[in-house]
Amino acid sequence: MKDKEYLSVKEVAYLMNCNTKTIYRLIKNKRIKSTNLNERLTRIKKSEVEKLF
């Protein structure tokens, strides 16, 4: 995951030690910006995750 610029919701949940539903809730509440590449393919920029910390 170190070399990736964009992470999946599952990877972000793993890094933050929380559930994927929590990540989707943060996206819905606009706390994290995400990009939907497809209906079932959401990617989050690594810098957005770092902003939370």
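You'll find the structure just up there.
Predicted model, so just to flag it, every value in this text is computed and none were measured.

Engineer: Even after reading the chapter, I still don't get helix 1 (residues 9–16), so can you show me in this structure?
Structural biologist: An α-helix turns once per 3.6 residues; consequently, residues spaced three or four apart project the same way. Within the span of helix 1, buried status applies to Val9, Glu11, Val12 and Ala13. Tucked into the core, helix 1 has its buried residues touching strand 1 (6–8), helix 2 (20–28), strand 3 (41–45) and helix 3 (46–52). The positive-phi residue at the C-terminal boundary of helix 1 is Asn17, with phi of around 55 degrees.

Engineer: Is there a simple way to think about the pattern of salt bridges in this case?
Structural biologist: Side chains that differ in sign of charge can pair as their charged atoms come close. Going through the model one piece at a time under the given rule, you end up with three salt bridges. Put simply, Glu11 and Lys4 hold a salt bridge, and the shortest N to O gap is 2.6 Å. The exposure class assigned to Glu11 is buried, which follows from its relative accessible area of 17%. Lys51 is the salt-bridge partner of Glu48, the closest N and O atoms lying 3.2 Å from each other. Of this pair, Glu48 and Lys51 both sit in helix 3, three residues apart, roughly one helical turn. For Glu48, a relative accessible area of 11% gives the class buried. Since its relative accessible area comes to 60%, Lys51 is described here as exposed.

So, how was this worked out
Residues numbered from 1 in each chain as written. Predicted model: local features only at pLDDT ≥ 70, side-chain atom pairs only at ≥ 80, totals over all residues. Heavy atoms only, no water. Buried < 20%, exposed > 50% of the residue type's maximum accessible area, 1.4 Å probe, protein only. Helix = DSSP H or I, 4+ residues; strand = E, 2+ residues; numbered from the N terminus. Contact = heavy atoms within 4.5 Å. Salt bridge = Lys/Arg side-chain N within 4 Å of Asp/Glu carboxyl O.

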